[in-house]
Amino acid sequence: MTRFLVVLTDVRPLDGIWRNERACPERRRQVVGASTREAADRIAGAFMALGMVRAGRQRVKVIAVGRRRTADQ
């Protein structure tokens, strides 16, 4: 079953042209786990109502962790 992480991060200034999350990830403020996509979306919606997110200083990311098992596995 796929689990989800909802991550609240600080938005950092653009270094050059690209942002590389693997080489230099944004600073995490809060990380919350959810067992379904619907739960993750509700948590993300609550984070998106925060003033810092609405002002563009923080961002919300929903990340799928693991993988979903199919019926034949």
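Quick note: structure is the one above.
Quantities reported herein were computed from a predicted structural model and do not represent experimental measurements.

Cut-offs used in this document
- Residues numbered from 1 in each chain as written.
- Predicted model: local features only at pLDDT ≥ 70, side-chain atom pairs only at ≥ 80, totals over all residues.
- Heavy atoms only, no water.
- Helix = DSSP H or I, 4+ residues; strand = E, 2+ residues; numbered from the N terminus.
- Buried < 20%, exposed > 50% of the residue type's maximum accessible area, 1.4 Å probe, protein only.
- Contact = heavy atoms within 4.5 Å.
- Areas by Shrake-Rupley, 256 points an atom, 1.4 Å probe, with all protein chains shown as cover.
- Pairing = 2+ DSSP bridges.
- Axes fitted to C-alpha atoms, helices over the stretch in contact; angles between N-to-C directions.
- Salt bridge = Lys/Arg side-chain N within 4 Å of Asp/Glu carboxyl O.

**Q** How do you make sense of the overall build of the protein when you look at a structure like this?
**A** Helix and strand counts for the protein stand at two helices and three strands. From first element to last, N terminus to C terminus, the protein shows the α and β order β-β-α-α-β. Sorting the 73 residues of the protein into buried and exposed places 21% on the buried side. For the protein, the proportion of contacts with a sequence separation of at least 24, taken over those separated by at least 6, is 64%. Accessible surface computed for the protein: about 5700 Å², of which carbon and sulfur atoms make up 53%.

**Q** I keep staring at the sheet that holds strand 3 (residues 58–65) and nothing clicks. Help me out?
**A** Backbone hydrogen bonds hold the strands of a sheet together, and the pairing may be parallel or antiparallel. Taken in spatial order, the three strands make up an open sheet running 2-1-3, and their pairing is antiparallel. Lying at the two open borders of the sheet, with one neighbouring strand each, are strand 2 (28–34) and strand 3. Strand-to-strand twist of the sheet, defined as the mean angle between neighbouring strand axes without regard to direction, takes the value 20°. As paired elements, strand 1 (residues 3–10) and strand 3 share eight bridges and run antiparallel to each other. In the strand pairing of strand 3, threonine 9 is matched with arginine 59.

**Q** Looking at this model, I keep getting lost on the pattern of salt bridges. Mind explaining?
**A** Between side chains of opposite charge, a pair can form when the charged atoms approach closely. The tally for this structure, following the rule as stated, stands at seven salt bridges. Look at the salt bridges and you will find they share partners, linking Arg12, Glu21, Glu26, Arg59 and Lys61 into a network.

**Q** Looking at this structure, I do not really get the side chain of aspartate 10. What am I missing?
**A** Its location among the elements puts aspartate 10 in strand 1. When sequence neighbours within four positions are dropped, the list of residues in contact with aspartate 10 reads Glu26, Arg27, Arg29, Arg57 and Gln58.

The analysis is restricted to geometry; functional conclusions fall outside its scope.
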